[in-house]
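Reading the structure
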Amino acid sequence: MGDVRNIKKELLSDNWYSLNKVTFEYQKEDGSWETQVREAYDRGNGAAILLYNLERKTVVLTRQFRMPTYLNGNEDGMMIEVCAGLLEKGNAEETIKMEVEEETGYHINSVKKVFESYMSPGSVTEILYFFIGEYTDDMKVGEGGGVEDESENIEVLEMPFDEALQLMEKGEIKDAKTIMLLQYAQINGVFS
């Protein structure tokens, strides 16, 4: 059951990342083979992190414009999110440390991987690696805001953990990776 054969890929677009039309045969439970066609968007894998300060019981999040959400009804296109980015050279831990400094201005040395997930397995190949990491004031080395040549205009938000949970409950935080990491912190008593 679940065998796949005769995979054929047709590149539909490689303007930003690659979008492929994939035709294949899939073996069903009864042993018969069925031809299926899917589109798969490959943007690489990524990493996300919830930055937290135990002493102040705060988290650092970001706010930035996301065109796909704007196209799908988000009136101003702005999203509150955890720090995240696409993997560089395949190393999730090093990538997330670099992204933290670029986006938030904090230089952190220690992160903990808590899980990984396919974020939209019906159409996107990406695996996202999820981390948590503690920050303190003495780790602040810059203003953050993202990398200018990557057209990043990121606002850094520091807020009480409870406020972030309330924003999630009110629907003001709608980003899946952020919700997952906030819930991880809540379930696992990061601030207890």
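This text follows the structure it describes.
Report on the accompanying structure. (Residues numbered from 1 in each chain as written. Predicted model: local features only at pLDDT ≥ 70, side-chain atom pairs only at ≥ 80, totals over all residues. Heavy atoms only, no water.)

Quick look at the nonpolar core now. With 26 residues, the main nonpolar core has Leu50, Val59, Leu61, Ile132, Leu181 and Leu182 as its most contacted residues. Looking at this core, the elements with two or more residues in it are strand 4 (46-53), strand 5 (58-65), strand 9 (127-134), strand 10 (155-160), helix 3 (161-169) and helix 4 (176-187). If one sorts the elements of this core by residue count, helix 3 sits on top with five residues. Of all hydrophobic cores here, the second largest spans 16 residues; its members include Leu87, Tyr106, Val111 and Ile127. (Core = buried A, V, L, I, M, F, W, Y, C linked by side-chain atoms within 4.5 Å. Buried < 20%, exposed > 50% of the residue type's maximum accessible area, 1.4 Å probe, protein only. Helix = DSSP H or I, 4+ residues; strand = E, 2+ residues; numbered from the N terminus.)

For Asp137, the location among the structural elements is in the loop between strand 9 and strand 10. The spatial distance from the C-alpha of Asp137 to the C-alpha of Tyr106 is 8.4 Å, given a sequence separation of 31 residues.

We now examine unusual backbone geometry. The phi torsion at Asn6 lies on the positive side, around 55°, for a residue other than glycine. Mapped onto the fold, Asn6 is located in strand 1 (residues 4-13). Using a relative accessible area of 45% as the deciding quantity, one classes Asn6 as partly exposed. Positioned with a positive phi, Lys57 is a non-glycine residue whose angle comes to about 55°.

For the rest of this paragraph, the subject is the environment of Asn72. Here Asn72 lies in the loop between helix 1 (67-71) and strand 6 (78-81). Residues Asn72 and Ser13, spaced 59 residues apart in sequence, show a C-alpha to C-alpha distance of 21 Å.

Side-chain direction in a regular strand flips from residue to residue, so the side chains alternate between the two faces of the sheet. Burial analysis of strand 4 places eight of its eight residues in the buried class, the great majority of the element. Both strand 4 and strand 9 contribute to a ladder of seven bridges, which runs parallel. Following the sheet pairing, Gly46 is matched in strand 9 by Leu128. Relative to strand 5, strand 4 runs antiparallel, the two sharing three bridges. Looking at the pairing, Tyr52 lines up with Val59 of strand 5. The hairpin formed by strand 4 and strand 5 contains four residues between the paired strands, and Lys57 there has a positive phi angle of roughly 55°. (Pairing = 2+ DSSP bridges.)

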